[in-house]
Amino acid sequence: MTERTGWRDGVAPYLERQPLAALALGISSGFPYAMIGATLTTRLAQDGIDKKTVTAFSLAFLVYNLKWLWAWVVDGVRLPVLGRLGQRVSWLILAGVLVIAAVANLALVDPAASIGAAATAAILVGAAGATFDIVIDAYRIEVLEPRQLGVGSGMSQYGWRIGSAGAGALALVVAERAGWSAGYLACATFALPAMLAGLLLGEPPRRRDPVERRGFAEGLKAIWGPFVQFFAREGAVLVLLFILIHKVGDTLANLTLRLLFDELGFTGDEIAFYDVGVGFIAYLVGIFVGGVLYARMGMKRSVLLALVLMAVSNLSFAALAAAGHSNWGMAGAIGFENAASGFGGVVVIAYFSALCDLRFTAAQFALISAAASIVGRIVTGTTAGALIERFGYVDFYLLTTALALPGVALFWWMSRSGLVDRSIGSAGVAGGGDARAD
């Protein structure tokens, strides 16, 4: 009875309304990313678009890195008519409709006929998806009670993976049978879970209206304040450097995987099963293990382990490239990479969250999350295709492993010197022992 009661108590928080809403929000947040990521890469490759052009499409993700520039609009601008539903819910509905429209537009574009039109459509999906993310992040944080923030964050990560992997798999399977336009149109339905969650739960009870800004100077202060506070702390430049470089190798490798799979002759069904199916399960396992090891090892050691695992995971793709078309090889490489990414997603995001000052949590986390991927995306979009053509896939993935090592070394030094502890923001201090590790 004791074990059964303990098991029920452990599961019960995940079945409450707010964490379930966070799951739905995560599903809708993840699918636009898949539409302009691996799915579009496969589509372009099958249309015979050259590698340099295909990898350049990853620049569409840069819109996500700029979302902090217009986040204040979602906070402060009340929508006519829809605004009666509440500030968050009305923007959730509008952003969802914009995403559906943008994905439908991308579905109807023929990349082979006009690569420029396809690029524009991809950027529009990125802009709509980034706006959807702004609203989803705000709604999730405000709808969860303080005691639910941990469970809700985990459910959101699970949801993001379900949305990303599910949309990617659905697009591939439908495209194999009815064409890419039908595949993309089917995926547009993934915007609905977040919209329905907002309508069912209503306006978050913890939402607060932004401080009234009466002039230009006050507006600039609201935008600049988070920057000033972050860079005033000890070691801010080194912390920022780590944020910028820690994921370069991982991003460079992941955004080119579909090119490798196409080169090795994997079919759409094989990619859907191994890359999406096996990868999804491995990612869920990685998230669970990450939560357990973070609690047992503490922040510094678990983050360092995650960085090492993510670097080593790139070697598995070098091995797959050398082995050729191998279903077992693909399953192993995808499984290891996704488990490492799931583990890293828990502990590294926990570290980034701890860096925030509680007065600027939303703004600083948006800035940190944007900085965390911008370098890798720029490098991928501008050089990945050329590097693959010059060195081949095996050496390319060896290079991505080498590019991950500076981030590992920098975090190791920051941990040994005590800089990790000294640079933590008030959000980390508020977490007590959970925010630090020996």
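It should be noted that the structure appears before, not after, this text.
What you are looking at is a predicted structure, and each value in this text was computed from that prediction instead of being measured.

(A) Representation of the overall build of the protein chain within the structure. Scanning the protein chain from N- to C-terminus turns up 21 helices and 0 strands. By the burial criterion, 51% of the 438 residues in the protein chain qualify as buried. Here the protein chain has roughly 19100 Å² of accessible surface; of this, 66% comes from carbon and sulfur atoms.

(B) Highlighting empty space enclosed by the protein. Scanning all chains against the criterion turns up 2 cavities of 30 Å³ or more. In this structure, the second largest cavity spans a volume of roughly 50 Å³. Looking at the second largest cavity, the residues that line it are His246, Asp250, Leu307, Met310, Ala311, Ala404, Gly407 and Val408. Contributions of two or more residues to the lining of the second largest cavity are made by helix 17 (299-323) and helix 19 (361-417). Tallied by class, residues from the lining of the second largest cavity come to 5 nonpolar, 2 polar and 1 charged.

(C) Examining unusual backbone geometry more closely. If you check the backbone angles, Val81 has positive phi at about 65° while not being a glycine. Turning to its location among the elements, Val81 is positioned in the loop between helix 6 (71-76) and helix 7 (87-108).

(D) Spatial organisation of helix 10 (residues 180-187). Among all positions in helix 10, only Trp180, Gly183, Tyr184 and Cys187 are buried. Down the axis of helix 10, the smallest arc covering the buried residues is 95°, so these residues share one side.

(E) Structural view of the layout of surface pockets. Put simply, the second largest pocket is a space of about 270 Å³. Along its surface, the second largest pocket is lined by 15 residues, and Phe227, Leu240, Leu367, Ile368 and Ala371 are the ones closest to its centre. Of all the elements in the fold, those that place two or more residues in the lining of the second largest pocket are helix 12 (216-231), helix 13 (236-245) and helix 19. The element best represented in the lining of the second largest pocket is helix 19, accounting for 6 residues. Taken together, the residues of the lining of the second largest pocket break down into 13 nonpolar, 2 polar and no charged.

(F) Quick look at the environment of Val408. Along the chain, Val408 falls in helix 19. On the basis of relative accessibility, which here comes to 14%, the residue Val408 falls in the buried class. Along the chain, Val408 and Val308 lie 100 residues apart, while their C-alpha atoms are 6.5 Å from each other. Residues within four places of Val408 in sequence aside, it is in contact with Leu304, Leu307 and Val308.

(G) Examining the packing of helix 7 against helix 10 more closely. Across the interface, helix 7 lies against helix 10 with an axial gap of 8 Å and an inter-helix angle of 175°. With respect to helix 10, the element helix 7 is oriented roughly antiparallel. Note on element contacts: helix 10 touches helix 7 through Ser181, Tyr184 and Leu185, opposite Val103, Ala104, Leu106, Ala107 and Leu108. Here the residues of the contact of helix 7 with helix 10 sort into 7 nonpolar, 1 polar and no charged.

(H) View of the nonpolar core. Membership of the largest hydrophobic core comes to 77 residues, with the highest contact counts inside it found for Met35, Phe132, Leu260, Phe261 and Tyr397. Looking at this core, the element that brings in the most residues is helix 8 (residues 115-143), giving 12 residues. Each residue touching Leu260, except ones within four places of it in the same chain, is listed here: Phe317, Leu320, Ala321, Tyr393 and Tyr397. Listed in part, the 32 residues of the second largest apolar core include Ile243, Phe352, Val408 and Ile424.

(I) How the structure looks around the packing of aromatic side chains. Taken as a whole, this structure holds 12 aromatic pairs when the rule is applied. Look at Tyr393 and Tyr397: their rings are 6.4 Å apart centre to centre, the planes differ by 20°, and that puts the pair in the stacked class. Within this pair, Tyr393 and its partner Tyr397 are both found in helix 19, separated by 4 residues, close to a single helical turn. Residue class for Tyr393 comes out buried when judged on its relative accessible area of 10%.

(J) Seen up close, the environment of Ala130. With respect to the helices and strands, Ala130 occurs in helix 8. For the pair Ala130 and Ser29, spaced 101 residues apart in sequence, the C-alpha to C-alpha distance is 8.7 Å.

(K) Local environment of the side chain of Ser415. Assignment of secondary structure puts Ser415 in helix 19. With residues near it in sequence (within four places) discarded, Ser415 still touches Lys300 and Val420.

(L) The arrangement of the pattern of salt bridges in detail. Using the criterion set out here, one finds 2 salt bridges in the structure. In this structure, Arg422 engages Glu234 in a salt bridge whose closest nitrogen and oxygen atoms are separated by 2.9 Å. Highlighted residues: Arg422 in helix 20 (residues 419-422) and Glu234 in the loop between helix 12 and helix 13, separated in sequence by 188 residues. Glu234 sits in the partly exposed class, given a relative accessible area of 43%. Here Asp421 ties to Lys300 by a salt bridge, and the two come within 3.0 Å at their closest N and O atoms. You can see Asp421 sitting in helix 20 and its partner Lys300 sitting in helix 17, a full 121 residues away along the chain.

(M) Region of the structure containing the side chain of Gln229. Here Gln229 shows up in helix 12. Within the structure, the side chain of Gln229 is placed 2.9 Å from the side chain of Arg233, a separation counted as a polar contact.

(N) Structural view of a nonpolar patch on the surface. A cluster of nonpolar residues, Val308, Val312, Leu315, Phe336, Val394 and Leu398, forms a patch on the protein surface that exposes about 420 Å² of accessible area. Secondary-structure elements contributing two or more residues to the nonpolar patch are helix 17 and helix 19. The leading source of residues in the nonpolar patch is helix 17, at 3 residues. By the element assignment, Phe336 lies in helix 18 (residues 327-354). Judged by its relative accessible area of 33%, Phe336 is partly exposed.

About the thresholds
Residues numbered from 1 in each chain as written. Predicted model: local features only at pLDDT ≥ 70, side-chain atom pairs only at ≥ 80, totals over all residues. Heavy atoms only, no water. Helix = DSSP H or I, 4+ residues; strand = E, 2+ residues; numbered from the N terminus. Buried < 20%, exposed > 50% of the residue type's maximum accessible area, 1.4 Å probe, protein only. Areas by Shrake-Rupley, 256 points an atom, 1.4 Å probe, with all protein chains shown as cover. 1 Å grid on protein atoms, 1.4 Å probe; cavity = no way out; pocket = protein on both sides within 12 Å on 5 of 7 lines; lining within 4 Å. Points joined across faces, edges and corners; volume = space filled by probe spheres on them. Nonpolar A, V, L, I, M, F, W, Y, C, P; charged D, E, K, R; others polar. Arc of directions from axis to C-beta. Contact = heavy atoms within 4.5 Å. Axes fitted to C-alpha atoms, helices over the stretch in contact; angles between N-to-C directions. Parallel < 35°, antiparallel > 145°, perpendicular 65-115°, else oblique. Core = buried A, V, L, I, M, F, W, Y, C linked by side-chain atoms within 4.5 Å. Phe/Tyr/Trp six-rings, centres within 6.5 Å; stacked < 30°, edge-to-face > 60°. Salt bridge = Lys/Arg side-chain N within 4 Å of Asp/Glu carboxyl O. Polar contact = N/O pair within 3.5 Å; in protein donor to acceptor, adjacent residues only side chain to side chain. Patch = residues over 30% accessible without salt bridge, like charges linked within 9 Å, V, L, I, M, F, W, Y side chains within 5 Å.

Take it as geometry only, folks, not as evidence of what the structure does.
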